[in-house]
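# Observations on chain architecture
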Amino acid sequence: QVQLVESGGGSVQAGGSLRLSCAASGRVSSLYIMSWFRQAPGKEYEFVSAITWSGTTTYYADSVKGRFTISRDNAKNTVYLQMNNLKPEDTAEYYCAVDYDPDLDVREVGEYDYWGQGTQVTVSS
């Protein structure tokens, strides 16, 4: 019903910045939430940030608060994650996830039905 394509990953040194993009296509008009999760090698998926499709509410993990900023451009059906002051512990595969359910727990990976293919972020010290 919805397809997601992420871009913007790469390799940077600690303190650097990257901006991730997630473009949605298909049935986007009824989306409730667009989110970012990440998974480091050997670790569980971790919630990073989310934004309601209306843009009225944003959510951040404590580990990224003050460094990452989520935003969306509804005209382009795209959500962005601006990542500043990157740290080596931010190294992970980053995934965009969306859902239509307004009652889901936005921080729970299992709540989302639609996922992108992931984009790698590597931060060196």
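Residues numbered from 1 in each chain as written. Predicted model: local features only at pLDDT ≥ 70, side-chain atom pairs only at ≥ 80, totals over all residues. Heavy atoms only, no water.

Further remarks concern the packing of aromatic side chains. A ring pair, where both rings are aromatic, is described by two values, the distance of the centres and the angle of the planes. Applying the stated rule across the entire model yields eight aromatic pairs. Ring geometry for F37 against F47: centres 5.6 Å apart, planes inclined by 75 degrees, an arrangement best described as edge-to-face. Remark: F47 occurs in strand β5 (residues 45-52) and F37 occurs in strand β4 (residues 33-39); sequence separation between them is 10 residues. Aromatic rings pair up to connect F37, Y45, F47, Y95, Y112 and W115 into one cluster. (Phe/Tyr/Trp six-rings, centres within 6.5 Å; stacked < 30°, edge-to-face > 60°. Helix = DSSP H or I, 4+ residues; strand = E, 2+ residues; numbered from the N terminus.)

Time to look at the sheet that holds strand β3 (residues 18-26). The antiparallel open sheet is built from four strands, whose spatial order is β1-β3-β8-β7. In the strand order of this sheet, the two ends are held by β1 (2-7) and β7 (68-73), each with one partner. The sheet shows a mean angle of 15 degrees between the axes of neighbouring strands, taken without regard to direction. Taken together, the six bridges between β7 and strand β8 (residues 78-83) define a ladder with antiparallel strand orientation. Bridge pairing in β8 places D73 opposite T78. (Pairing = 2+ DSSP bridges. Axes fitted to C-alpha atoms, helices over the stretch in contact; angles between N-to-C directions.)

Turning next to the pairing of β4. With six of seven residues buried, β4 is to be regarded as a mostly interior element. Counted between consecutive antiparallel strands, the loop separating β4 from β5 contains five residues, among which G42 sits at a positive phi close to 75 degrees. When β4 meets strand β9 (residues 92-99), the two strands line up antiparallel, connected through seven bridges. Note that in β9 the partner of Q39 across the bridge is E93. (Buried < 20%, exposed > 50% of the residue type's maximum accessible area, 1.4 Å probe, protein only.)

Moving on, we get to unusual backbone geometry. Trans is the prevailing form of peptide bonds, just as negative phi is the prevailing case for residues other than glycine. The phi torsion at N77 lies on the positive side, around 50 degrees, for a residue other than glycine. For N77, the location among the structural elements is in the loop between β7 and β8.

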